[in-house]
Amino acid sequence: MVNNRSLIIVGGLAAVAWLASNSLYVVDETERAVKLRFGEVIEENIQPGLHFKVPITQTVRKFDTRVLTLDTDTSRYLTLEQKAVIVDSFVKWQVVNPTRYYEATAGDEMMAIRLIQPRVDESLRNEFGRLDLQQIIAERRDDLMIRPTQELDSLMREELGVSILDIRVKRIDLPDDVSAAVYDRMRSEREREAREWRAQGQEEAERIRANADRRRQVLLAQATERAETLRGEGDAEAAAIFSEAYGQNAEFFSFWRSLNAYRQSFDGERDMLVLDPTSDFFRYLRSPGVQNEE
């Protein structure tokens, strides 16, 4: 009797434990879930926390909603001018609509990747096909991926219930023949730019040189004019001083002029001057006795 009662209690506890384990479930912070009844979705986008379901008839599928990375295969695309580029890229994606994701992929992440990858490849092919090689090289990679990311995100939300957060290009390579052509073209462009800058520099140098020469001529003319003015003023002042001095003592002034004439005449060591001793040139060299004798 006691044993039967114990078995009933144990059986009841086991039934309660089984019922609780199959009725209660927890959705983690990084997950979202959908509730199914015989495969049909009856509750969408179940948020994190503790939830209840009916055992046997209802099941729950949980999906990781963290940002996932899809590393795509290296692909060869043609540019607008039909030149090949080799692109290595990856995609950041995230489940945003659990119900649509479950209906499209049955919750299988590998199936989702197989559906996303060709869409990414097509989007990149279209994007590189509308640009020429120069634009691809010149533009920043982040800017290059804005359009395909936005277009693919809108499409994948509708088709798979996932968001394409970002498409990043890790590397863009060129085939050997294209690399040589691009190098030659870039070198030609740089040489053309160098010639243009050199021509502009020469033109600017000529302009600066012409301005400097003109300014030099103006300054020289102004300096010459100022010098002539000062020289004329000096000569006038000197003439006035000489005239005033001559007027004060005409005899001394005549003597001083004769001394200057003597100095200038006998400036060289071997200079020789033949004059009449009785001329005025020797008047101040004569002694008083000589003058008296004359």
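These figures come from a predicted structure and were not determined experimentally.

Draft legend 1. Main features of helix H6 (residues 146–159). Relative to the 20 Å expected for 14 residues at 1.5 Å per residue, H6 spans 20 Å between its end C-alpha atoms, a close match to the ideal helical length. Within H6 the residues assigned to the buried category are Pro148, Thr149, Leu152, Asp153 and Met156. Projected onto a plane normal to the axis of H6, the buried residues spread over an arc of 130° and lie on a single side. Along H6, the residues that are exposed and aim more than 90 degrees away from the buried face are Gln150 and Glu158. Buried residues along H6 sit in contact with helix H3 (109–129), helix H5 (141–144) and strand E9 (162–173). Backbone geometry just after H6 places Gly161 at a positive phi near 75°.

Draft legend 2. View of the pattern of salt bridges. Within this structure, the stated rule accounts for 19 salt bridges. One salt bridge connects Glu193 with Arg190, and the closest N-O pair in it is separated by 4.0 Å. Of this pair, Glu193 and Arg190 both sit in helix H7 (residues 176–248), three residues apart, which is roughly one turn of that helix. For Glu204, the salt bridge is made with Arg207, and the minimal N-O distance between the two is 2.2 Å. Of the two residues, Glu204 and Arg207 are both situated in helix H7; the distance of three residues between them amounts to about one turn of the helix.

Draft legend 3. Molecular detail of the pairing of strand E1 (residues 24–27). Only one face of E1 is buried: it carries Tyr25 and Val27, and the other face, with Leu24 and Val26, is open. Note: E1 against strand E4 (residues 49–52), four bridges, orientation antiparallel. Note that in E4 the partner of Val26 across the bridge is Leu50.

Draft legend 4. How the structure looks around the confidence of the model for the protein chain. Looking at the protein chain, pLDDT values average 81 and 81% of them are 70 or higher. Segment residues 289–294: pLDDT under 50, and three contacts once partners within four positions in sequence are set aside and those in other chains are kept.

Draft legend 5. Summary view of unusual backbone geometry. If you check the backbone angles, Gln82 has positive phi at about 65° while not being a glycine. If you trace the backbone, Gln82 turns up in the loop between strand E7 (75–78) and strand E8 (84–95). Relative accessible area serves as the criterion here: at 57%, Gln82 is assigned to the exposed category. For Ala106, which is not glycine, the phi dihedral falls at a positive 60°. Within the element layout of this structure, Ala106 appears in the loop between helix H2 (98–105) and H3. Taking the relative accessible area as the measure of exposure, Ala106 reaches 45% and is therefore partly exposed.

Draft legend 6. The arrangement of the packing of aromatic side chains in detail. Following the criterion strictly, the structure yields three aromatic pairs and no others. Between Tyr77 and Phe128, the aromatic rings sit 5.6 Å apart at their centres with planes inclined by 15°, giving stacked as the arrangement. Remark: Phe128 occurs in helix H3 and Tyr77 occurs in strand E7; sequence separation between them is 51 residues. By relative accessible area, Tyr77 is classed as buried at 2%. Ring pairing ties together the aromatic residues Phe63, Tyr101 and Tyr102, which thus form one cluster.

Draft legend 7. Inspection of H3 at higher detail. Its 21 residues place the ends of H3 30 Å apart at the C-alpha level, agreeing with the 30 Å of an ideal helix rising 1.5 Å per residue. For H3, the full list of buried residues reads Ala112, Ile113, Ile116, Val120, Ser123, Leu124, Glu127 and Phe128. Taken end-on, H3 shows its buried residues confined to a sector of 120°, consistent with a single buried face. Capping of H3 at its N-terminal end is provided by Asp108; its side-chain oxygen lies 3.1 Å from the backbone amide nitrogen of Met110.

What counts and what doesn't
Residues numbered from 1 in each chain as written. Predicted model: local features only at pLDDT ≥ 70, side-chain atom pairs only at ≥ 80, totals over all residues. Heavy atoms only, no water. Helix = DSSP H or I, 4+ residues; strand = E, 2+ residues; numbered from the N terminus. Expected span 1.5 Å × (residues − 1). Buried < 20%, exposed > 50% of the residue type's maximum accessible area, 1.4 Å probe, protein only. Arc of directions from axis to C-beta. Contact = heavy atoms within 4.5 Å. Salt bridge = Lys/Arg side-chain N within 4 Å of Asp/Glu carboxyl O. Pairing = 2+ DSSP bridges. pLDDT = per-residue confidence, 0-100. Phe/Tyr/Trp six-rings, centres within 6.5 Å; stacked < 30°, edge-to-face > 60°. Polar contact = N/O pair within 3.5 Å; in protein donor to acceptor, adjacent residues only side chain to side chain.

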